[in-house]
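Descriptive analysis of the structure
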Amino acid sequence: AKADGRNTYRYYTDELTTLARERLVMEAKLRQALKMNQLECYYQPQIAITTGKIVGAELLIRWCDAEQGFIPPDHFIPMAESCGLIHAIGHFVLEQACTQGYAWLVQGLPALKLSVNVSAHQFSKGDLEQQVISILQSTAFPAHLLELEVTESALMHDKERVIRTMQQLRAAGIRLAIDDFGTGYSSLAYLQQLPLDLLKVDRSFIEKITSNDADKQISKAIIELAHTLRFDVLAEGVETAEQLALLKDMACDYYQGYYYSKPLPAEAFRQLLLQQVAN
Ligand code: C2E
Ligand code: CA
Ligand code: CA
Ligand code: CA
């Protein structure tokens, strides 16, 4: 084994260089994609459980690369976070939400809430409030129709600052949601200090609510907890009628998931809304 010591070492450095090079190429391509408008926002409907009506949508970013085809966000958001591109991407998505949302309002579509994912990096940079407020001003989209989704884990660093940022956003009339809830470790005492409007129960619980009693009980407890704290609750990743029926019994307020619709391009989402208006 000692004899291959050198070769093994060489193998690893070559490998690392290759990885590093691939990353740089990918990073440059992402930068280019952003500039060339090759990033597109899809819209996934959010439904009120009692009425079955669309009340909003979550924007989910898509990257369509000419050579590699469709690249899912899980593959490039982490890279964008580590190279700093997330700030430009985050700005793009916020601007897209407010521009599209305003256009739909002007077209006479029913007022909808639009939810935008905000990365922990954007949240801790310090200028998020100003950025959002300036986009709202330049697009004329009403603040109360914009919701920012922050993951539970993003809220765990620098809590004082998180609370302050959230209070400023809330003071500007922007809605706040906690994403992927149940996967982090936020305490009740902390949650209570946050000016949240909505708690989104992570898909990993919803996935098993009809088969696993523990997940069912946890989901039920999360919904009750949220209501005690006066937050609304949305269930993520609802795929079946059985899951939806259970959530209705548990008094969950909203849901999102393939059962109703996958994330759709803007125009397809608009058509779906028009259909609902006609019915
Ligand atoms: P997320 O915010 O938790 O978004 C929900 C993910 O679940 C989306 O994946 C969505 O397409 C998927 N999904 C929705 N309904 C169902 C369902 O019924 N079943 C299953 N199996 N999946 C469902 P997507 O679009 O691939 O996004 C993945 C993650 O990438 C998002 O997770 C979010 O963390 C991140 N992301 C997406 N767009 C943005 C963005 O604009 N900014 C930031 N910072 N992150 C984003
Ligand atoms: Ca989300
Ligand atoms: Ca989520
Ligand atoms: Ca997630």
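Structure first, text after, so check above.
The paragraphs below set out a description of the structure included in this document.

What counts as what
- Residues numbered from 1 in each chain as written.
- Chains lettered and ligands numbered in written order.
- Predicted model: local features only at pLDDT ≥ 70, side-chain atom pairs only at ≥ 80, totals over all residues.
- Heavy atoms only, no water.
- Donors = N, O, S within 2.8 Å, 3.2 Å for Na, K, Ca; no water.
- Helix = DSSP H or I, 4+ residues; strand = E, 2+ residues; numbered from the N terminus.
- Axes fitted to C-alpha atoms, helices over the stretch in contact; angles between N-to-C directions.
- Parallel < 35°, antiparallel > 145°, perpendicular 65-115°, else oblique.
- Left-handed = near helix turned anticlockwise from the far one by under 90°.
- Contact = heavy atoms within 4.5 Å.
- Nonpolar A, V, L, I, M, F, W, Y, C, P; charged D, E, K, R; others polar.
- Buried < 20%, exposed > 50% of the residue type's maximum accessible area, 1.4 Å probe, protein only.
- Pairing = 2+ DSSP bridges.
- Phe/Tyr/Trp six-rings, centres within 6.5 Å; stacked < 30°, edge-to-face > 60°.
- Lys NZ or Arg CZ within 6 Å of the ring centre and 35° of its normal.

**Let's talk about the coordination of the calcium ion (ligand 4)**
The protein atoms that coordinate the calcium ion (ligand 4) are D180 (OD) and D180 (OD), at distances of 2.9 to 3.0 Å. Within the element layout of this structure, D180 appears in strand β6 (residues 175–181).

**Some details on the packing of helix α3 (residues 86–106) against helix α5 (residues 128–139)**
Viewed as axis vectors pointing N to C, α3 and α5 meet at an angle of 30 degrees, and their least axial separation amounts to 9 Å. When the interaxial angle is binned, α3 and α5 end up roughly parallel. As α3 packs across α5, the resulting crossing turns out to be right-handed. Together, H91, L94, E95, C98, T99 and Y102 of α3 and Q131, V132, I135, L136 and T139 of α5 make up the contact between the two elements. Residues of the contact of α3 with α5, tallied by class, amount to 6 nonpolar, 4 polar and 1 charged.

**So, the pairing of strand β4 (residues 113–117)**
Of all the 5 residues making up β4, 4 are buried; the element is thus mostly covered by neighbouring parts of the structure. In terms of strand pairing, strand β2 (residues 54–65) meets β4 through 3 bridges, oriented parallel. When the sheet's bridge partners are listed, G56 is paired in β4 with K113. Direction of pairing for β4 relative to strand β5 (residues 146–151): parallel, over a ladder of 4 bridges. If you follow L114 over to β5, its bridge partner there is L146.

**Some points on the coordination of the calcium ion (ligand 3)**
Surrounding the calcium ion (ligand 3) are the protein donor atoms D179 (OD), D180 (OD), E236 (OE) and E236 (OE), at 2.1 to 2.6 Å. Of note, the donors binding the calcium ion (ligand 3) are all from one chain and are spaced D-D-x55-E. A distance of 3.9 Å spans the gap from the calcium ion (ligand 3) to the calcium ion (ligand 2), which D179 bridges by coordinating each metal. Taking relative accessible area as the criterion, D179 reaches 5% and is therefore assigned buried.

**Thoughts on the packing of aromatic side chains**
Going through the model one piece at a time under the given rule, you end up with 4 aromatic pairs. Seen in terms of ring centroids, W63 and F76 are 5.4 Å apart; in terms of plane orientation they differ by 90 degrees. Their pairing is edge-to-face. Within this pair, whereas W63 is found in strand β2, its partner F76 is found in helix α2 (residues 73–83), the two being separated by 13 residues in sequence. Its relative accessible area of 0% is what places W63 among the buried residues. Its relative accessible area of 0% is what places F76 among the buried residues. Each residue in the set Y43, W104 and F269 is aromatic and connected to the rest through ring pairs, giving one cluster. When the ring centre of Y42 is taken as reference, the NZ or CZ atom of R62 above it lies at 5.5 Å. Over the ring of Y258 we find K262; its NZ or CZ atom is 4.7 Å from the centre of that ring.

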